[in-house]
Amino acid sequence: MTKMDHLYIEELIREFATLRDEKRLLTSEVRKVSAKIFKKLPNDLTYVLTLCEQLLELRTWEMTITAYDWAHRKRNQYDESTFEVFEKWMKNYISDWWDCDDFCTHAFGELMIKYPHLLQRIVTWCDHENFAVRRCAPVILILPIKRKSLLTVDPLEIANRLYNDPHYLVLKGYGWMLKVLSSTQYDKVLGYLESNRSTMPRVAFRYALEKMQKSDKLRLMSE
């Protein structure tokens, strides 16, 4: 770590300590600090991502939010090699639903929109021992689905691979993905739910139903 790296991190620590003392250590306040200090960073993707990893190594909530925020702010400079960096972060640092969702629906999701062929590599995440990595597989599809970006992996394949996952947050993750998918491919999701309503875990089923038409929702819930 260089002297300049220390200065950026020490400034973050001071700012967050002040927020904590004032009982204002909220996500919105953390993002304000993140944005302010980001403006001081060199305009170099490699440098910023290296600094982000140093923040992730600290394994605190506020530094994690800042790291993923800084990475997202560099989205216009991503190249294909950024995938290796982000996948490493996912496997080494993602540990719960909140960091999975923040990272995958912002920085990592933007990368997948820019390089949609990389989505084919998420299939292997479905077999990872860490439930948070498995949750990343459906959640990373949410931003491309919303943006109507090219999907080189079928969301239903991901749902099938995670169908009876032992962790409820993974079930919620693919249920959330199906809910978002229903806004752009309604009939596809409706058909999937009709075919699987008797065996699909209820937590995933309920999430997937949220945006369905009232008549379809009532029918699927009653059968």
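Located above this text is the structure these notes cover.
About the cut-offs
- Residues numbered from 1 in each chain as written.
- Predicted model: local features only at pLDDT ≥ 70, side-chain atom pairs only at ≥ 80, totals over all residues.
- Heavy atoms only, no water.
- Helix = DSSP H or I, 4+ residues; strand = E, 2+ residues; numbered from the N terminus.
- Rg over C-alpha atoms; globule rule 2.2 N^0.38 Å.
- Buried < 20%, exposed > 50% of the residue type's maximum accessible area, 1.4 Å probe, protein only.
- Contact = heavy atoms within 4.5 Å.
- Areas by Shrake-Rupley, 256 points an atom, 1.4 Å probe, with all protein chains shown as cover.
- Lys, Arg positive; Asp, Glu negative; His and termini not counted.
- Charge placed at Lys NZ, Arg CZ, Asp CG, Glu CD.
- Axes fitted to C-alpha atoms, helices over the stretch in contact; angles between N-to-C directions.
- Parallel < 35°, antiparallel > 145°, perpendicular 65-115°, else oblique.
- Left-handed = near helix turned anticlockwise from the far one by under 90°.
- Nonpolar A, V, L, I, M, F, W, Y, C, P; charged D, E, K, R; others polar.
- Expected span 1.5 Å × (residues − 1).
- Salt bridge = Lys/Arg side-chain N within 4 Å of Asp/Glu carboxyl O.

A.B. asks: Which residues make up the overall build of the chain, and what values do they have?
C.D. replies: When you go through the chain residue by residue, the secondary structure sums to 14 helices and zero strands. Secondary structure elements of the chain occur, N-terminal to C-terminal, as α-α-α-α-α-α-α-α-α-α-α-α-α-α. Over its C-alpha atoms the chain spans a radius of gyration of 19 Å, differing by no more than 12% from the 17 Å that the globule rule assigns to 223 residues. Expressed along its principal axes, the backbone C-alpha trace of the chain runs to roughly 65 × 40 × 30 Å. A burial count over the chain gives 54% of its 223 residues as buried. Here the analysis covers contacts within the chain between residues at least 6 apart in sequence; of these, 70% occur between residues at least 24 apart. Accessible area for the chain stands at about 10,800 Å²; split by element, carbon and sulfur atoms hold 51% of it. Where the 34 positive side-chain charges of the chain centre and where its 31 negative ones centre are 5 Å apart.

A.B. asks: Tell me about unusual backbone geometry, and name the residues and values.
C.D. replies: Trans peptide bonds make up most of the peptide bonds, and negative phi angles are found at most residues other than glycine. With phi around 55°, Lys23 is a residue other than glycine that occupies positive phi space. The topology assignment puts Lys23 in the loop between α1 (3-21) and α2 (27-38). In the Ramachandran plot, Lys148 falls in the positive-phi region, its phi being about 55° despite a non-glycine side chain.

A.B. asks: Quick one: what's the story with the packing of helix α12 (residues 186-196) against helix α14 (residues 214-222), residue by residue and with numbers?
C.D. replies: One can describe the packing of α12 onto α14 by two numbers: an axis separation of 11 Å at closest approach and a directional angle of 15°. With respect to α14, the element α12 is oriented roughly parallel. Crossing angle aside, the handedness with which α12 passes α14 is left-handed. On the side of α12, the interface is formed by Tyr186, Leu190, Leu193 and Glu194, while α14 contributes Asp216, Arg219 and Leu220. Each residue belonging to the contact of α12 with α14 can be placed in one class, and the counts come to four nonpolar, no polar and three charged.

A.B. asks: If you had to explain helix α6 (residues 97-104) to someone new, which residues and values would you point to?
C.D. replies: The buried count for α6 comes to six of eight residues, which makes it a mostly enclosed element. Every buried residue of α6 is listed here: Asp99, Cys100, Asp101, Asp102, Phe103 and Cys104. Tucked inside the fold, the buried residues of α6 contact α2, α4 (61-73), α5 (82-93), α7 (107-114), α8 (131-139) and α11 (168-181).

A.B. asks: Give a description of α4 that names residues and reports values.
C.D. replies: For α4, which comprises 13 residues, the first-to-last C-alpha distance of 19 Å matches the rise-based estimate of 18 Å (1.5 Å per residue) to within 8%. Across the 13 residues that make up α4, a large majority, 11, are buried.

A.B. asks: Quick one: what's the story with the pattern of salt bridges, residue by residue and with numbers?
C.D. replies: Summed over the entire model, instances satisfying the criterion amount to 19 salt bridges. Note that Lys188 is salt-bridged to Asp154, the shortest N-O span being 3.0 Å. Of this pair, Lys188 sits in helix α12 while Asp154 sits in the loop between α9 (142-146) and α10 (155-161); the two residues are 34 residues apart in sequence, bridging distant segments of the chain. Note that Arg161 and Glu157 form a salt bridge whose closest N and O atoms lie 3.3 Å from each other.

Interpretation note: all reported values are geometric properties and have no functional meaning in isolation.
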